[in-house]
Amino acid sequence: MQLIDVADASAEVGATSARLAKIARIADLLRGAGADDDPKLVTVVVSWLSGELPQRQIGVGWAALRPGAAPAHCHRPAMHPSESTSTRRPGKSAIPAAAGAVARRGDG
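> Help me understand the overall build of the chain, please; the structure alone is not making it clear to me.
Looking only at helices and strands, the chain features five helices and zero strands. Mapped from its N terminus to its C terminus, the chain presents α and β elements in the order α-α-α-α-α. With 108 residues in all, the chain has 16% of them scored as buried. Of the roughly 8,100 Å² of accessible surface on the chain, 58% is carried by carbon and sulfur atoms.

Following this line, the structure appears as structure tokens:
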């Protein structure tokens, strides 16, 4: 499953007022996530549709959001849970900070 699949489904659900159409579109998306043989993927897709980030961070800094920032040249990101949300300590990021970034910020 690709992140664009989740974004497209979200846009389609937001664009229709028909309740049964919304239910059918979300069910199709979740069925597709379940077909990828990874039970955690459905949990991740549900959290994205709910507006929650399973790992709290998306890896995009403020500098990438300023005007004139060059777009990244990479393939479309796939939805793949790298860690169960139940194993993460509350308040701690699932993505470790790089030693250089910590030193520059003065956190370490």
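Let us keep going from here.
> Is there a simple way to explain helix 1 (residues 3-15) in this structure?
It helps to recall that an α-helix has 3.6 residues per turn; residues three or four apart then point in one direction. Here helix 1 contains 13 residues, and its C-alpha end-to-end distance of 19 Å stays within 8% of the 18 Å for a straight helix at 1.5 Å per residue. By the burial criterion, the buried members of helix 1 are Val6, Ala9 and Val13. Along the long axis of helix 1, the arc covered by the buried residues comes to 65 degrees, so they all point the same way. The exposed set on the far side of helix 1, more than 90 degrees from its buried face, consists of Gly14 and Ala15. Buried residues along helix 1 sit in contact with helix 2 (19-34) and helix 3 (39-49).

> Got a minute to help me understand the nonpolar core in this structure?
For soluble globular proteins, nonpolar side chains are generally found buried alongside one another. Residues Val6, Ala9, Leu29, Ala33, Leu41 and Val45 constitute the largest nonpolar core, which totals six residues. Elements that contribute at least two residues to this core include exactly helix 1, helix 2 and helix 3.

> Teacher, can you tell me more about the pattern of salt bridges here?
Two side chains that carry opposite charge are able to pair once their charged atoms sit near each other. Inspection of every chain in the model, using the stated rule, returns two salt bridges. One salt bridge connects Arg25 with Glu12, and the closest N-O pair in it is separated by 2.6 Å. Highlighted residues: Arg25 in helix 2 and Glu12 in helix 1, separated in sequence by 13 residues. Residue classification places Arg25 among the partly exposed residues on the basis of a relative accessible area of 23%. Relative accessible area serves as the criterion here: at 42%, Glu12 is assigned to the partly exposed category. Notably, a salt bridge pairs Arg31 with Asp28, separated by 3.1 Å at the nearest N-O pair.

What counts and what doesn't
Residues numbered from 1 in each chain as written. Predicted model: local features only at pLDDT ≥ 70, side-chain atom pairs only at ≥ 80, totals over all residues. Heavy atoms only, no water. Helix = DSSP H or I, 4+ residues; strand = E, 2+ residues; numbered from the N terminus. Buried < 20%, exposed > 50% of the residue type's maximum accessible area, 1.4 Å probe, protein only. Areas by Shrake-Rupley, 256 points an atom, 1.4 Å probe, with all protein chains shown as cover. Expected span 1.5 Å × (residues − 1). Arc of directions from axis to C-beta. Contact = heavy atoms within 4.5 Å. Core = buried A, V, L, I, M, F, W, Y, C linked by side-chain atoms within 4.5 Å. Salt bridge = Lys/Arg side-chain N within 4 Å of Asp/Glu carboxyl O.

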